[in-house]
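Notes for the structure review
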Amino acid sequence: QVQLVESGGGLVQAGGSLRLSCAASGRTFRSSAMGWFRQAPGKERECVAAVNWSGVNTYYADSVKGRFTISKDNAKNTQYLTMNRLKPEDTAVYYCAVRYALGPPYLTPDEYDYWGQGTQVTVSS
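The paragraphs below set out a description of the structure included in this document.

**Regarding the nonpolar core**
Counting 28 residues, the largest nonpolar core has L4, W36, L81, M83 and Y94 as the members making the most contacts within it. Within the residue set of this core, elements represented by two or more residues are strand 3 (18–25), strand 4 (33–39), strand 5 (46–51), strand 7 (68–73), strand 8 (78–83), strand 9 (92–99) and strand 11 (119–124). Each residue touching Y94, except ones within four places of it in the same chain, is listed here: E6, L20, F37, R38, F68, L81, M83, G118, T119 and V121. Within the second largest apolar cluster, eight residues are counted, among which are A33, F37, C47 and Y106.

**Here we look at the packing of aromatic side chains**
Under the definition given, this model contains six aromatic pairs. When the ring of Y106 is compared with that of Y112, the centres are 6.4 Å apart and the planes differ by 90 degrees; the resulting orientation is edge-to-face. The exposure class of Y112 is buried, given its relative accessible area of 5%. Among the aromatic residues, ring-to-ring pairing joins F37, Y95, Y106, Y112 and W115 into one connected group. If you follow R45 out to its NZ or CZ, it ends over the ring of W115, 4.9 Å from the centre.

**Some words on the sheet that holds strand 7**
Taken together, the four strands give an open sheet; going across it, the order is 1-3-8-7, and neighbouring strands pair in antiparallel fashion. A single partner strand is all that each edge strand has here, and the edge strands are strand 1 (3–7) and strand 7. Looking at each pair of strands side by side, their axes are set apart by 15 degrees on average, direction ignored. Two elements, strand 1 and strand 3, share five bridges in a ladder whose sense is antiparallel. The residue of strand 3 that forms the bridge with S7 is S21.

**Here we look at the side chain of R38**
Considering the arrangement of structural elements, one finds R38 in strand 4. Under the relative-accessibility criterion, R38 is labelled buried at 6%. At 2.7 Å, the side chain of R38 and the side chain of E46 are in polar contact. A distance of 3.4 Å separates a polar atom in the side chain of R38 from a polar atom in the side chain of S63. Apart from residues lying up to four places away in sequence, R38 is in contact with E44, R45, E46, V48, S63, V64, F68, E89, D90, A92, V93 and Y94.

**Here's the deal with the state of the cysteines**
One pass over the full model with this rule turns up one disulfide. The residue that forms a disulfide with C22 is C96, at a sulfur-sulfur distance of 2.1 Å. Here C22 and C96 share a disulfide; its torsion about the S-S bond, 60 degrees, makes the bridge right-handed. On the criterion of sequence distance, the pair formed by C22 in strand 3 and C96 in strand 9 is long-range, its members being 74 residues apart. Residue class for C22 comes out buried when judged on its relative accessible area of 0%. The structure places no disulfide on C47, whose sulfur is separated from the nearest cysteine sulfur, that of C96, by 12 Å.

Cut-offs and rules
Residues numbered from 1 in each chain as written. Predicted model: local features only at pLDDT ≥ 70, side-chain atom pairs only at ≥ 80, totals over all residues. Heavy atoms only, no water. Core = buried A, V, L, I, M, F, W, Y, C linked by side-chain atoms within 4.5 Å. Buried < 20%, exposed > 50% of the residue type's maximum accessible area, 1.4 Å probe, protein only. Helix = DSSP H or I, 4+ residues; strand = E, 2+ residues; numbered from the N terminus. Contact = heavy atoms within 4.5 Å. Phe/Tyr/Trp six-rings, centres within 6.5 Å; stacked < 30°, edge-to-face > 60°. Lys NZ or Arg CZ within 6 Å of the ring centre and 35° of its normal. Pairing = 2+ DSSP bridges. Axes fitted to C-alpha atoms, helices over the stretch in contact; angles between N-to-C directions. Polar contact = N/O pair within 3.5 Å; in protein donor to acceptor, adjacent residues only side chain to side chain. Disulfide = S-S within 2.5 Å.

As structure tokens, then:
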């Protein structure tokens, strides 16, 4: 069984930065596709960034392109979401997700097998 533990959320002023971490136990990240989703109150969960198993192909939502970066460290079995130039509209609960498949970046929640517990990101104006 895979467990994902997230950390790094918090309160930050607009224009600031945060780095979210998602550490996995139970299975290596090496052959996994990964994604970061967020869900604001009253809204659907949306994919903000995703990467395929090799790390070569990435996806970013238009709203975060150029500001967020998804990455993973196979040696540490950890994935990251680095968020720069944060905006109040980035406020949400952020979730990491993993799917063990050798396919393209996956963009919908149903395509993922394992989820972190979520971490709150609040950006003040």
